[in-house]
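# An overview of the molecular structure
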Amino acid sequence: MAVFFIVLALNLFIFQGNILDSNYATLNTFFTLTPWILLFLIPAITMRTFADEKQTGTIEFLTTKPVTDLQIVIGKYLAALFLWTFTFIPTLIYFIAVKKLSLSEAPIDSGATYGSYIGLYFLGAVFVAIGIFASSVTNNQIVAFLVGVFLCYLMYDAFFRISSLAIFQGQLDYFIQSIGLNAHYDSISRGVVDTRDIIYFLSVISLFIIGTRTALESRKW
Amino acid sequence: MAVSVRNLSKNYNHQKAVDNISFEVKKGEILGFLGPNGAGKSTTMKMLTCYIPPSKGTASVSGLDIVQHALEVRRKIGYLPENNPLYYDMYVKEFLDFAARINNITSVAIDKRVKEVIDLVGLNIEQHKKIGQLSKGYKQRVGIAQALIHNPEVLILDEPTSGLDPNQLSDIRNLIKELGKEKTILFSTHIMQEVQAVCNRVIIINKGKIVADDQPDNLQNVLNNEALVEVEFLREVAKETLQNISNIQQVNALSATHFILHGKDSLQIRKAIFDFAVSNNNPLLTVKQETKSLEAIFHQLTQQK
């Protein structure tokens, strides 16, 4: 968390091209930079969840208690989500800061900013699900971290990049783009909270949670 | 029946880890599960605790099937897995509190129960430390405490005494004996004395199959149809003259005066030796009947045939 805030503070308020330099009352810098930090931060938070339990054998302790595998996975997910939530909440201060700093004739676009915050929170929530899944497929934390970063990148940016390849132009590009997180994040960021986007985020979270449970159950195969 | 296992098998790929075993454990019994490494002890225990499902066969704990009623079975079982995995960065009480909660103990009862269990396993002095800081013996106690926290009917302990020093060893054994007064206990080990000291019954398992299932004392008698008698005379005796005595089948000479005699009937051999000594006027210094130790039985049963 400390690392997260230091990197954010440096980029948003101190380094070249920061919010104050832009002369507009907007948090765009924050909303484009943060997903890239989360890409690394969240797999680092979640890499221990299952990989470490498998490594030390405590997974046997957990799975022989009167709880289902799904309960264990959801418990782990909520624990990591809790940490992400408490990393997320303090960033609301940036919104207040920029709002107070802005001149009254050029106020911050509240609608778009709220939308972006909601999008960002869901993006983090999806990354948590991906990170937990990555942790459940290996018993090595480093591998879990790398797989997590890779899958997060794949979901966030890679689909968007692939869709812009020449061969997909005009036919599949929109479809491929909409598999990725980026398109939905941008869509919410415009300030319109579309149920399709919310359903998309929730589906991806469920998908990875089910994937995690399957990985946990693989001991029974 | 507290635990009942019928034709249980577990295959890993093409290897049979557990091969068609059946046994039953009565309420209040302490059953020792004995076998060399890789015999299938842990696999059997993992199946009984619903960690992995059996490939074939069924088992039940307190009448509940381990596959169909996995959650209820887990409630009735206290399990100490092999190598005693614990969360080393948790405090002892914190961990026991967690173990209590995950076992659905009501929050009002938790503090009292944690205290009881700490007393029971003798963790009093160490209860404020982190688990990672404890010595191996105390970690083992935390593992047993965790298994006991919900007051289960059946305790399944996978090698609870491995890697402990002799004092800790006897502490843990006494603890198991103490617990066995109220609970059904199934524990695995590869130390024979432990079985002799603690169990009412022993199952020896080798290569996934049960090779013996009896009380430790009976097991010794059953396999003891061969008698061993150690004798020592004052003066030298020729090996051949001993071999001529009836009932003695084989003579191993340790020295010119010291022998180990093998035969069928220990009583007849000892009598004959005494008569032999008297008639030869060669005073007998030692006559010792040797019982085959459980180690020897274990060795014999688990040898490759």
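Residues numbered from 1 in each chain as written. Chains lettered and ligands numbered in written order. Predicted model: local features only at pLDDT ≥ 70, side-chain atom pairs only at ≥ 80, totals over all residues.

When you go through chain B residue by residue, the secondary structure sums to 11 helices and 14 strands. Here the C-alpha atoms of chain B give a radius of gyration of 25 Å, more than 25% beyond the 19 Å that 2.2 N^0.38 yields for 305 residues. Reported as C-alpha extents along the three principal axes, the dimensions of chain B are approximately 80 × 45 × 30 Å. When burial is assessed residue by residue, chain B has 39% of its 305 residues classed as buried. Within chain B, residue pairs in contact and separated by at least 24 positions form 66% of the contacts whose partners lie at least 6 positions apart. (Helix = DSSP H or I, 4+ residues; strand = E, 2+ residues; numbered from the N terminus. Rg over C-alpha atoms; globule rule 2.2 N^0.38 Å. Buried ≥ 20, exposed ≤ 12 C-beta atoms within 10 Å, placed from the backbone. Contact = placed C-beta atoms within 7 Å.)

According to the domain assignment, chain B contains domain 1 (3-221) and domain 2 (223-300). Centre-to-centre separation of domain 1 of chain B and domain 2 of chain B, based on C-alpha positions: 43 Å. (Domains from an automatic or database assignment.)

Okay, the sheet that holds strand 1 (residues 3-12) of chain B next. Residue and element names in this part refer to chain B. Pairing is antiparallel across the open sheet formed by four strands, whose spatial order is 2-1-4-5. The sheet is open, and its two borders are formed by strand 2 (15-25) and strand 5 (64-65), each paired with just one other strand. Judged from the two bridges that link them, strand 4 (residues 56-61) and strand 5 form a sheet pairing that is antiparallel. Within strand 5, the residue paired with Ser60 across the bridge is Asp65. Strand contacts of helix 1 (residues 41-48): strand 1, strand 2 and strand 4, with the helix running at about 115° to strand 1, the strand carrying the most contacts. (Pairing = 2+ DSSP bridges. Axes fitted to C-alpha atoms, helices over the stretch in contact; angles between N-to-C directions.)

With that out of the way, let us pick up helix 4 (residues 107-121) of chain B. All names here are of chain B. Between its first and last C-alpha atoms helix 4 spans 22 Å; for 15 residues at 1.5 Å apiece the expected length is 21 Å, and the two agree. All of the buried residues along helix 4 are Arg113, Val114, Val117 and Val121. Buried residues along helix 4 sit against helix 3 (92-102), helix 5 (136-148) and helix 6 (166-179). Looking one or two residues beyond helix 4, the residue adopting positive phi is Gly122, at roughly 75°. (Expected span 1.5 Å × (residues − 1).)

Residue and element names in this part refer to chain B. Across the two faces of strand 11 (residues 227-233) the burial differs, with Ala227, Val229, Val231 and Phe233 buried and Leu228, Glu230 and Glu232 not buried at all. In the sheet, strand 11 pairs with strand 13 (residues 258-263) via six bridges, with the strands oriented antiparallel. By the bridge assignment, Val231 is partnered in strand 13 with Phe259. As paired strands, strand 11 and strand 14 (residues 284-290) are joined by six bridges and run antiparallel to one another. Of the residues in strand 14, the one forming a bridge with Leu228 is Glu290.

This brings us to the packing of helix 7 (residues 110-136) of chain A against helix 11 (residues 195-217) of chain A. Relative orientation and spacing of two packed helices are given, respectively, by the angle between their axes and the distance between those axes. Residue and element names in this part refer to chain A. Running from N to C, helix 7 and helix 11 cross one another at 15°; their axes reach a closest spacing of 8 Å. In terms of orientation, helix 7 and helix 11 fall into the roughly parallel class. Classified by chirality, the crossing of helix 11 by helix 7 is left-handed. Across the interface between the two elements, Phe122, Ala125, Val126, Ala129, Ile130, Ile132, Phe133 and Ser136 from helix 7 touch Phe201, Val204, Ile205, Phe208, Ile209, Gly211, Thr212, Ala215 and Leu216 from helix 11. When its residues are assigned to classes, the contact of helix 7 with helix 11 shows 14 nonpolar, three polar and no charged. (Parallel < 35°, antiparallel > 145°, perpendicular 65-115°, else oblique. Left-handed = near helix turned anticlockwise from the far one by under 90°. Nonpolar A, V, L, I, M, F, W, Y, C, P; charged D, E, K, R; others polar.)

Here we come to the sheet that holds strand 14 of chain B. All names here are of chain B. In spatial order, the strands read 12-13-11-14; together these four strands make up an open sheet with antiparallel pairing. The sheet is open, and its two edges are formed by strand 12 (248-253) and strand 14, each paired on a single side. Averaged over neighbouring strand pairs, the angle between their axes works out to 20° when direction is ignored.

Moving on, we get to the packing of helix 5 (residues 69-88) of chain A against helix 11 of chain A. Residue and element names in this part refer to chain A. Two numbers describe how helix 5 lies on helix 11: the axes approach to 9 Å, and their chain directions differ by 125°. With respect to their mutual orientation, helix 5 and helix 11 come out oblique. When the axes of helix 5 and helix 11 are compared, the crossing they make is right-handed. Facing helix 5, whose interface residues are Asp69, Leu70, Ile72, Val73, Ile74 and Tyr77, helix 11 presents Ile209, Thr212, Arg213, Leu216 and Glu217. Taken together, the residues that form the contact of helix 5 with helix 11 break down as seven nonpolar, one polar and three charged.

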